[in-house]
Structures are given as C-alpha cells and as structure tokens.
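Coordinates in review
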Amino acid sequence: MSLKKLVIRCKKQELKAQEELYRLYSGRFFSLCLKYSGSYEEAQDLLQDGFVKIFTGIHQFKNKGSFEGWMTRIFINTAITKSKKQHLFLAITEDYPDEINVEYEEDLPDTDFLFEIIQELSPAYRHVFNMYVLDGLSHKEIAATLQISEGTSKSNLARARQKLKERIENHLHLLPAKNL
C-alpha cells in the first residue's frame, strides 16, 4: 500500500492503517527519540507520545510537503516540549565561539560510544547539539524552536562540544596502548 493511501486510511481512524504506519516508522522515530532523550525509557515514552499526536492530529496534514517530514517535526517538538516543561534550558549570557576545533591524532571511538556520550549531555546541551550538528538547523532556527536566544543556542553548543571533547579525550587516554 502506498504511503498516500495509508495516510488517507489513518485520517479515517482505521486501526489497521495506524498499526501499519507505526510498524513502518517506529524504528526510525525511536532512533530520533533516543537522540533527544536522556534514556531508553524516556525515548519509549517520546515515541508513544509522538505517535499519539500523529494519530490524533493527522487530519492537520494537508498533503503539502513530506509526510515523513511532518512526523519528524512532531517528534522533535514533542521532545522539546517535554524538556521545556522540565525547565531544562537556561539563558546563558556569556560569549562563546561558534566553533570549537577538535583534533585527534588517534582513531576516534566507535559510533556506539559517541552516541552514548551524546546521550549523557544535559538535555539542553543535547538538544542544541542534535539540532545544530545532526539536524543541520541554524542557531536562529534553534532559538525560535526552543524559545531561547541565539546566544544561548551558541553557548549551549559550545559547552556541549567541550564536554564531548573532554569525554573523548578521557576515553582515548584510558584505552590500552597499541602494539606497534
């Protein structure tokens, strides 16, 4: 069945169509939820909340643009809304550079480790880092989405990068020396 037909059936609140949509997209969106959450359990909650919002608000999708993009936005907004309710964003007034250069002569850790340390960031740092680095949003877009200043977005990104750099450096120093 095509996605367009599936969406039409979901708009009619057909349970089988909703199950099919969930089956098709739950893996992809669970990964996105993990990116924005602090734990596996929180990601599961976000996934559930996101699909509830999709199924209850699917009539708002007007077939303009990508349906997947529309769903992605719902999941990101759900995660951000949850973070705002927990008062996780603090206004930062300090000046931070847009970029922090990280250079390593050794091999970088594997992606599982990198994903793990991103998850360890505070929610405010993690959200800004994900939105800027992984989702490609500008500081202006991040500021508007999170309702923070561009300066706060920049400083949270700089602090996230600094914390990641420190964790990577600590990890690399703990690795056993390579045999030459």
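Preceding block: the structure.
We now turn to the structure provided with this report. (Residues numbered from 1 in each chain as written. Predicted model: local features only at pLDDT ≥ 70, side-chain atom pairs only at ≥ 80, totals over all residues. Heavy atoms only, no water.)

**What to know about the overall build of the chain**
On a plain count of helices and strands, the chain comes out with eight helices and zero strands. Put simply, the chain runs from its N terminus to its C terminus through helices and strands in the order α-α-α-α-α-α-α-α. Taking all contacts inside the chain whose residues are at least 6 apart in sequence as the whole, residues at least 24 apart take part in 71%. Total accessible area computed for the chain in this model is approximately 10900 Å², and 52% of it derives from carbon and sulfur atoms. (Helix = DSSP H or I, 4+ residues; strand = E, 2+ residues; numbered from the N terminus. Contact = heavy atoms within 4.5 Å. Areas by Shrake-Rupley, 256 points an atom, 1.4 Å probe, with all protein chains shown as cover.)

**Notes on the nonpolar core**
With 46 residues, the main nonpolar core has L21, F51, I54, F67, W70, M71 and F75 as its most contacted residues. Of all the secondary-structure elements, those providing two or more residues to this core are α1 (3-11), α2 (15-36), α3 (40-57), α4 (67-85), α5 (111-120), α6 (123-134), α7 (139-146) and α8 (150-174). Here the element with the most residues in this core is α2; it accounts for nine residues. Apart from residues lying up to four places away in sequence, F51 is in contact with L21, Y22, Y25, S26, F29 and F75. (Core = buried A, V, L, I, M, F, W, Y, C linked by side-chain atoms within 4.5 Å. Buried < 20%, exposed > 50% of the residue type's maximum accessible area, 1.4 Å probe, protein only.)

**Overview of the packing of α5 against α8**
Where α5 meets α8, the closest approach of the two axes is 10 Å, and the angle between their N-to-C directions is 135 degrees. Comparing their axes, α8 and α5 come out oblique. Judged by the sense of rotation from one axis to the other, the crossing of α5 with α8 is right-handed. Within the contact between the two elements, α5 uses F113, L114, E116, I117, I118 and E120 and α8 uses L164, R167, I168 and H171. Along the lines of polarity and charge, the residues of the contact of α5 with α8 split into six nonpolar, one polar and three charged. (Axes fitted to C-alpha atoms, helices over the stretch in contact; angles between N-to-C directions. Parallel < 35°, antiparallel > 145°, perpendicular 65-115°, else oblique. Left-handed = near helix turned anticlockwise from the far one by under 90°. Nonpolar A, V, L, I, M, F, W, Y, C, P; charged D, E, K, R; others polar.)

**Things to note about the packing of α2 against α3**
Remark: α2 packs on α3, axes separated minimally by 9 Å, with the N-to-C direction vectors making an angle of 135 degrees. As the angle between them shows, α2 and α3 are arranged oblique. Note that α2 runs across α3; the crossing there is right-handed. Together, Q18, L21, Y22, Y25, S26, F29, F30, C33, L34 and Y36 of α2 and Y40, E42, A43, Q44, L46, L47, F51, I54 and F55 of α3 make up the contact between the two elements. Grouping the amino acids of the contact of α2 with α3 by side-chain chemistry returns 15 nonpolar, three polar and one charged.

**Notes on the packing of aromatic side chains**
Tallied over the full model, the rule gives nine aromatic pairs. Ring centres of F67 and W70 lie 5.5 Å apart, and the angle between their planes is 25 degrees; on these two criteria the pair is classed as stacked. Here F67 pairs with W70, and both are found in helix α4, just three residues apart, close to one helical turn. For the pair formed by F67 and W70, the shared burial category is buried. Site record: aromatic cluster; members linked through ring pairs are Y22, Y25, F29, F51, F55 and F75. (Phe/Tyr/Trp six-rings, centres within 6.5 Å; stacked < 30°, edge-to-face > 60°.)

**Here's the deal with the pattern of salt bridges**
On inspection of all chains with the given rule, the structure shows five salt bridges. Here E14 and R9 are joined by a salt bridge, their closest N and O atoms 2.6 Å apart. In this structure E14 comes out as partly exposed when scored by relative accessible area, which is 29%. A salt bridge links R167 to E120; the shortest N-O distance between them is 3.0 Å. Highlighted residues: R167 in helix α8 and E120 in helix α5, separated in sequence by 47 residues. Residue R167 is classed as partly exposed on the basis of its relative accessible area, which comes to 30%. Note on E120: relative accessible area 47%, which makes it partly exposed. (Salt bridge = Lys/Arg side-chain N within 4 Å of Asp/Glu carboxyl O.)

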